[in-house]
Amino acid sequence: MSAAVTGAADRPRQGGAAGVCVAALYHFVRFDDPAALRGPLARLCCSLGVKGTLLLAREGVNGAIAGPDAAVARVAAHVRALPGCAGLEVKYSRAPSMPFRRMKVRLKKEIVSMGEPDVDPLRGAGVHVEPGDWNALISRDDVVVIDTRNDYEMAIGAFEGAVRPDIRTFREFPAWFRRERERLLAPRGPDGAPPKVAMYCTGGIRCEKSTAFLKREGVAEVFHLRGGVLNYLETVPERDSLWRGDCFVFDQRVAVGHGLAPSGHTLCPACRRPLSAADRARPEHVEGVSCAACAAGLDADRRAALAERHRQEQLARRRGRAHLGADMATERARRRGTAPDG
């Protein structure tokens, strides 16, 4: 397992930084009894006012949390003190306000759901590539770049020239690769060798597990972006970037751009697609009800229910209260993906 990311990316930004500290973290490790870890971790988070989602499984820990800088740092320290977690990687960013509604610590079969029980990132993952070296790698003619995220994430941003699988969830990735393998790994260049494979995702966990899957499938040279797109967008200057668009995140920020600044996307209340300002300006878009992509498919009852929920959300906002329906909608959107900031 790789060592922890060090430096500014591995600690909250202190010194009066505006907004809320957000931490995305994951670590593949062997937990003999993840259930025994759940209670103490949940109690600590709740006592500190930290919110978000943390997943525990026999293969490790994964999640995203937010709160005051010192509180988030204490939770990260607690996770690092768990058996085998000294090398935990944490990616910090900031949000203008709390991006989560509540705190959840959940037990899962996998910390990122692939459905391939024989895949073991601890023993068979590919080679980490630092953000500063990523451009050179993916610009090579003998490298195929694969996005391991979901289709609605890729729709708003991706690396230039990347292969974008037509998948709705990460569990579909193995079947997609097996179908497309011959095309993806067709020999390139005069030596007739198959290309190297470079993969990426939001925070690093999906591409790390994907490299372990590809190596188990017999692919020899596999690489993945250390810390994922979030690390790249914070580390690589925008003028040098090969990233095009914005990066979807599994919280109420919806998407971020270079420097990890929120991009202004919102979620369609009906189909949960991320919507840009241009999407919201289309005549088919109905605020609080539907977007251009799903409006035609809504029946009258669904349209009326969404309109009523939007009315209730507006009333709650004017009264300075959080609306439960908005919270549940955000949770459903998160579940469409893998784990938070995967």
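Residues numbered from 1 in each chain as written. Predicted model: local features only at pLDDT ≥ 70, side-chain atom pairs only at ≥ 80, totals over all residues. Heavy atoms only, no water.

**Q** What's the story with the overall build of the protein chain in this structure? I'm lost.
**A** Summing up its helical and strand segments, the protein chain has 11 helices and 15 strands in all. The contacts of the protein chain with a sequence gap of at least 6 include a subset with a gap of at least 24, amounting to 69%. Total accessible area computed for the protein chain in this model is approximately 15,100 Å², and 51% of it derives from carbon and sulfur atoms. (Helix = DSSP H or I, 4+ residues; strand = E, 2+ residues; numbered from the N terminus. Contact = heavy atoms within 4.5 Å. Areas by Shrake-Rupley, 256 points an atom, 1.4 Å probe, with all protein chains shown as cover.)

**Q** I'm lost on the sheet that holds strand β9 (residues 196-200) in this one. Help?
**A** Hydrogen bonds between backbone atoms are what pair the strands of a sheet, whose relative direction is either parallel or antiparallel. Here 4 strands make up an open sheet; going across it, the order is β6-β10-β9-β7 and the pairing parallel. The strands lining the two open edges of the sheet, one partner per strand, are β6 (127-129) and β7 (143-147). Ignoring strand direction, the axes of neighbouring strands in this sheet form an average angle of 30 degrees. Across 3 bridges, β6 lies against strand β10 (residues 222-225) in parallel orientation. Residue pairing across strands places His 128 opposite His 224, the latter belonging to β10. The sheet contacts of helix α4 (residues 131-138) involve β6, β7, β9 and β10, and relative to β9 the element is tilted by about 135 degrees. (Pairing = 2+ DSSP bridges. Axes fitted to C-alpha atoms, helices over the stretch in contact; angles between N-to-C directions.)

**Q** How should I be thinking about the nonpolar core in this particular structure?
**A** Nonpolar side chains tend to gather and get buried jointly when the protein is soluble and globular. The biggest cluster of nonpolar side chains holds 28 residues, and the ones touching the most others in it are Ile 146, Phe 173, Phe 177, Val 197 and Leu 214. Elements that contribute at least two residues to this core include exactly β1 (20-28), β7, α6 (173-184), β9 and α7 (205-216). Beyond its immediate chain neighbours, meaning those up to four positions away, Val 197 contacts Val 144, Ile 146, Leu 185, Leu 214, Val 219, Glu 221, Val 222 and Phe 223. Judged by nonpolar contacts, the second largest core, of 27 residues, contains Leu 54, Leu 56, Tyr 92 and Val 105. (Core = buried A, V, L, I, M, F, W, Y, C linked by side-chain atoms within 4.5 Å. Buried < 20%, exposed > 50% of the residue type's maximum accessible area, 1.4 Å probe, protein only.)

**Q** What is the right way to look at the packing of helix α1 (residues 34-48) against helix α2 (residues 69-80) in this model?
**A** Helix packing for two helices is described by the angle between their axes and how far apart those axes are. Between α1 and α2, the shortest axis-to-axis distance is 9 Å and the interhelical angle comes to 170 degrees. Between α1 and α2, the angle falls in the class roughly antiparallel. Listed contacts from α2 to Pro 40, Leu 41, Leu 44, Cys 45 and Leu 48 of α1 are Ala 71, Arg 74, Val 75, His 78 and Val 79. Of the residues assigned to the contact of α1 with α2, the class counts are 8 nonpolar, 1 polar and 1 charged. (Parallel < 35°, antiparallel > 145°, perpendicular 65-115°, else oblique. Nonpolar A, V, L, I, M, F, W, Y, C, P; charged D, E, K, R; others polar.)

**Q** Honestly, the packing of aromatic side chains in this entry has me stumped. Any pointers?
**A** Within a pair of aromatic rings, the relevant descriptors are the distance that separates the centres and the angle that separates the planes. Counted under the stated rule, the structure contains 13 aromatic pairs. Each ring, one from Tyr 26 and one from Phe 28, has its centre 5.9 Å from the other, and the planes form 75 degrees; the classification is edge-to-face. Exposure remark for Phe 28: the relative accessible area of 1% places this residue in the buried category. Between Phe 159 and Trp 243 the ring centres are 5.0 Å apart and the planes differ by 80 degrees, which places this aromatic pair in the edge-to-face class. Of this pair, Phe 159 sits in strand β8 (residues 157-159) while Trp 243 sits in strand β11 (residues 243-245); the two residues are 84 residues apart in sequence, bridging distant segments of the chain. The exposure class assigned to Phe 159 is buried, which follows from its relative accessible area of 1%. (Phe/Tyr/Trp six-rings, centres within 6.5 Å; stacked < 30°, edge-to-face > 60°.)

**Q** Any chance you could explain the confidence of the model for the protein chain here in plain terms?
**A** Do not read the fine detail of predicted coordinates wherever pLDDT is low. Looking at the protein chain, pLDDT values average 88 and 88% of them are 70 or higher. Long-range and interchain partners of residues 1-10, a stretch whose pLDDT sits below 50, account for 25 contacts in this model, where long-range means more than four residues apart. Predicted confidence for residues 326-341 stays below pLDDT 50, and this span has 55 contacts to residues more than four positions away or in other chains. (pLDDT = per-residue confidence, 0-100.)

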